[in-house]
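Structural characterization, general
Here is how the chains run, residue by residue.
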Number of protein chains: 2
Amino acid sequence: MSTTLPSLKRIKGGVTAARGFQASAVSAGIKNPDATRLDIGLIYSTEPTSSAAAFTTNRVKAAPVKLSQTHFRNTAIRAIIANSGNANACTGLQGLADAKTMVEAVAGELKLRPREVGVCSTGVIGLPLPMTRIEPTIPALVETLDSKSGSDVAAAIITSDTHTKEYAVSVEIDGHRVRIGGCAKGAGMISPSMATMLCFITTDATLTKATLEKATLECVEASFNRITIDGDMSTNDTVMILANGQSGMPTIKRNSKGCRIFRQALQHVMLTLAQMLVKDGERVTKFVTVKVKGALTYLDAKKVAEAVANSALVKSSWNGEDPNWGRIIHAVGYSRARIREELIDIHYEDKPACLGGLQAETPMDQLRKIASKDAFTVTINLNRGKADYEVYASDLSPEYIDFNRSEYAYWKQARKDGLV
Amino acid sequence: MSTTLPSLKRIKGGVTAARGFQASAVSAGIKNPDATRLDIGLIYSTEPTSSAAAFTTNRVKAAPVKLSQTHFRNTAIRAIIANSGNANACTGLQGLADAKTMVEAVAGELKLRPREVGVCSTGVIGLPLPMTRIEPTIPALVETLDSKSGSDVAAAIITSDTHTKEYAVSVEIDGHRVRIGGCAKGAGMISPSMATMLCFITTDATLTKATLEKATLECVEASFNRITIDGDMSTNDTVMILANGQSGMPTIKRNSKGCRIFRQALQHVMLTLAQMLVKDGERVTKFVTVKVKGALTYLDAKKVAEAVANSALVKSSWNGEDPNWGRIIHAVGYSRARIREELIDIHYEDKPACLGGLQAETPMDQLRKIASKDAFTVTINLNRGKADYEVYASDLSPEYIDFNRSEYAYWKQARKDGLV
């Protein structure tokens, strides 16, 4: 992941890389009472913050999304509690009550107002949370908070991810060194249309709520909204960011040079985490950057990129390491963007596969060599205008479908718990 | 497939079931010169016709689609030539020249004007047609035309289909018995948005071009536009219909009772063929009717049905015989239709899986029994208005992706033929 900020450096850690942030995680046995994996985590700022968030645009929203939306609208959030193993979605009034209980328990232990706490859940949809196992863990979560446990939160929120995703940088803004770090989880229900997963970011930069909100929305649009694994958008997707000013810098002014540097660094962190999600998508074998150039408008470029990146046939061919351009151009055709077939060029990396809508003369072996790499770029030039867009996509594998055939085991556990 | 027309009877055959139609097919070795399977077919009306067609809305259109569109616009079509094994799509001026050569050769042998001939191709995209093998077959095609070879055309047009699809009915209109018959092919790149395959229908009813065109568009909307296998829309999709009046009936009047009967019978034939396509979709194991009820508008109902029927996660769960309603409601949520989560009911057949946005009390074993059947109906009631819509969908299987991983074999043959 390249960035043009000379002062930006990658540093260790994730949500506790910035000053004044603490974290903790424990095992509540949410999915399976006998398991010992971390599944509930807490993030806490020791000092007051500014905060911002972006939530799923799915019209079916999980209870924690509904509750957190109201909290982020009016208050500065100081703590975030998050669990995996159950999404607390489509759980009605009971689900809202459960989310509130989580928030109130955290607020009580931390001496905060409930509305200073954000809450997130991820996992299976439609089953009530096993609150009898969740509630008793809150005191231990608060008790074990420290500035070195960011990785435990990263571990507690993953579901079908095969590994944790953390990333942090430091960057100089207005003469002060500032840290931005975060963690995220995927790995199914990932599609480019706002935040299709959980992501928590902390920074010790100093910003007003308004400046932070603007930067967050712009950076989400350029990162999490540009990734796709399976084209499904979840009911729980959330990005939350807390800024506590503990770097000691003065407040970053709106539209200043410092503000631009912060935005670039934040986007770099979000894009790095977003790309990690795609690479660790469910049973993914390829990371494909789909670049669209030469569209008449930004929206046309976006339509083309998303149609190609979500086509089951295109994704199957990537899984087969087949540098197929016929399926790509057919997806371009049904994208509803304004295109002219005879102007379309398609490249695998720098090699043309299709020029002017026709098979190019690149030897097939060269194209196949590119398609056999773990990561490659497909560039589609519509040659009609100046707008461009890019999406970060994966292949679709037989193993993805195998993996997603059944959630019956979740239901069986919920039945054992007397919840359904 | 039920219909309410008392006089409608299923009869044997397909495109030659109606009077005055002939057909033939031969093997041109288009995909593989050593193979002997039928891959090029001809349909011919011995008498003048009215004709109508519906073509793909993909902006990348195959050469035969472009050519046939101009022919159908202005002329009554008497003959249709169709090949499988190569789509003649993204083949530029050479592709148009090749489609014209096919049309002119047929017209020459049959003593027709070229614009009285329709042409279709289906198969791989982006490789030129092996015209040296196609052109020499035309005289034999014309020579062997007869009224019993409809099934040979049905066989010649299939690609990844596992069997041929033919269907024919007779129905009484204005005191005359009329026949309508056809054949179709799938089986990948199937999505609900006009004609996602090839379908040829013939009838000995007597209609003006205008009446036939109106009936065709209405029936396509209610049949082929309502099926989805993989959500991909092809560059070649075409429905063609020829009516030659050989039943001896007088011309069907616009908006008459006879016209309504014809339309119902035509829709029955198209819907039967469309559903055959889904059932024989690439590596499909389930046929799922997705019914949406209670939407505020027709468009809302359609958005919901299509989002559910095209969700990779929903389709994976059907493959796993998992009566998952959480994934269905999440797709309802991102469909952009106006919904209220707490009003949504979801049934598998007549058993509620979700009521008012929450898990219903139906025992899981009963739902699983339904989801384990080869065909079942999922009904989504939004409980907001009176509009409804239904889509015929399949599951998505690991074997679909395996099957679609590579088209390299096609390219190797084209290279051997000196075409690329």
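Rules and cut-offs
Residues numbered from 1 in each chain as written. Chains lettered and ligands numbered in written order. Predicted model: local features only at pLDDT ≥ 70, side-chain atom pairs only at ≥ 80, totals over all residues. Domains from an automatic or database assignment. Contact = placed C-beta atoms within 7 Å. Helix = DSSP H or I, 4+ residues; strand = E, 2+ residues; numbered from the N terminus. Nonpolar A, V, L, I, M, F, W, Y, C, P; charged D, E, K, R; others polar. Least-squares fit on C-alpha atoms with pLDDT ≥ 70 in both. Axes fitted to C-alpha atoms, helices over the stretch in contact; angles between N-to-C directions. Parallel < 35°, antiparallel > 145°, perpendicular 65-115°, else oblique. Left-handed = near helix turned anticlockwise from the far one by under 90°. Pairing = 2+ DSSP bridges. Buried ≥ 20, exposed ≤ 12 C-beta atoms within 10 Å, placed from the backbone. Arc of directions from axis to C-beta. pLDDT = per-residue confidence, 0-100.

Description of the domain arrangement of chain A
All names here are of chain A. Partitioning chain A into domains gives domain 1 (9-279) and domain 2 (287-396). The C-alpha-based centres of domain 1 and domain 2 are spaced at 34 Å. Contact with domain 1, which involves eleven residues of that partner, is made by ten residues of domain 2. Only strand 10 (227-228) and helix 7 (257-279) provide two or more residues apiece to the side of domain 1 that touches domain 2. Among the elements that take part in the side of domain 1 that touches domain 2, helix 7 stands out by supplying four residues, more than any other. Class assignment of the residues belonging to the side of domain 1 that touches domain 2 gives a composition of five nonpolar, three polar and three charged.

Side note on the relation of the copies chain A and chain B
Screw-axis analysis of chain A against chain B gives a translation of 0.0 Å along the axis, an RMSD of 0.0 Å, and a rotation angle of 180°. When the rotation and shift are considered jointly, the pair of chain copies conforms to a two-fold rotation axis. It is A:Pro398 whose C-alpha, among those of chain A, lies nearest the rotation axis, at 1.9 Å. In this assembly the copies share their binding face: 100% of the residues contributing to the interface of chain A also contribute to that of chain B.

Concerning the interface of chain A and chain B
Taken residue by residue, the interface counts 51 residues in chain A and 51 residues in chain B. With seven residues, helix 10 (residues 326-334) of chain A is the single largest residue contributor to the side of chain A that touches chain B. Among the residues making up the side of chain A that touches chain B, the classes are represented as 21 nonpolar, 21 polar and nine charged.

Focus on the packing of helix 9 (residues 312-319) of chain A against helix 10 of chain A
Residue and element names in this part refer to chain A. Taken N-terminus to C-terminus, the directions of helix 9 and helix 10 make an angle of 160°; their axes are 9 Å apart at the nearest point. The angle between helix 9 and helix 10 falls in the class roughly antiparallel. Of the two possible hands of crossing, helix 9 and helix 10 adopt the one that is left-handed. Where helix 9 abuts helix 10, its residues Leu-313, Val-314 and Ser-317 lie against Arg-327, Ile-328 and Ala-331. Residues of the contact of helix 9 with helix 10, tallied by class, amount to four nonpolar, one polar and one charged.

A few points about the packing of helix 8 (residues 298-310) of chain A against helix 10 of chain A
Residue and element names in this part refer to chain A. Where helix 8 meets helix 10, the axes come as close as 8 Å, and the angle between the chain directions of the two elements is 135°. Our classification of the angle between helix 8 and helix 10 gives oblique. Viewed along their axes, helix 8 and helix 10 form a crossing whose handedness is right-handed. Where helix 8 approaches helix 10, its residues Val-304, Ala-307 and Val-308 are matched on the opposing element by Ile-328, Ala-331, Val-332 and Tyr-334. Its residues assigned to classes, the contact of helix 8 with helix 10 shows seven nonpolar, no polar and no charged.

Some points on the sheet that holds strand 15 (residues 358-359) of chain B
All names here are of chain B. With respect to topology, seven strands assemble into an open sheet ordered 10-17-12-16-13-14-15, the strand pairing being mixed. Each edge of the open sheet carries a strand with a single partner, namely strand 10 (227-228) and strand 15. In the sheet, strand 13 (residues 345-348) pairs with strand 14 (residues 351-355) via three bridges, with the strands oriented antiparallel. Within strand 14, the residue paired with Ile-346 across the bridge is Cys-354. Here helix 11 (residues 364-371) sits on the sheet and contacts strand 13, strand 14 and strand 16 (375-381); the angle it forms with strand 14, its principal contact strand, is near 115°.

Observations concerning helix 13 (residues 408-416) of chain B
B:Tyr410, B:Trp411, B:Gln413 and B:Ala414 are the residues of helix 13 of chain B that are buried. Buried residues along helix 13 of chain B cover an arc of 160° about the axis, so they all sit on one side. Seen from the open side of helix 13 of chain B, the exposed residues pointing more than 90 degrees away from its buried face are B:Ala409, B:Lys412, B:Arg415 and B:Lys416. Buried residues belonging to helix 13 of chain B abut helix 11 (364-371) of chain A. Backbone geometry just after helix 13 of chain B places B:Gly418 at a positive phi near 70°.

Some details on the confidence of the model for chain A
Residue and element names in this part refer to chain A. Overall, the predicted model of chain A reaches an average pLDDT of 91, with 95% of residues at or above 70. The low-confidence segment residues 191-196 (pLDDT under 50) makes 36 contacts with residues lying over four places distant or belonging to another chain. As scored by the predictor, the complex reaches a pTM of 0.82 and an ipTM of 0.76.

With respect to the sheet that holds strand 8 (residues 176-185) of chain A
Residue and element names in this part refer to chain A. Spatially, the six strands line up as an open sheet ordered 1-7-8-9-11-4, and their pairing is mixed. Here the strands that pair on one side only, and so sit at the sheet edges, are strand 1 (9-11) and strand 4 (50-55). Across this sheet, the average inter-strand angle for adjacent strands is 20°, counted without regard to direction. Both strand 9 (residues 198-203) and strand 11 (residues 238-243) contribute to a ladder of six bridges, which runs parallel. Each bridged residue has a counterpart across the sheet, and for Thr-202 the counterpart in strand 11 is Leu-242. Against the sheet, helix 1 (residues 63-74) contacts strand 4 and strand 11, and its axis sits at roughly 145° relative to strand 4. Against the sheet, helix 7 contacts strand 7 (165-173), strand 8 and strand 9, and its axis sits at roughly 165° relative to strand 7.

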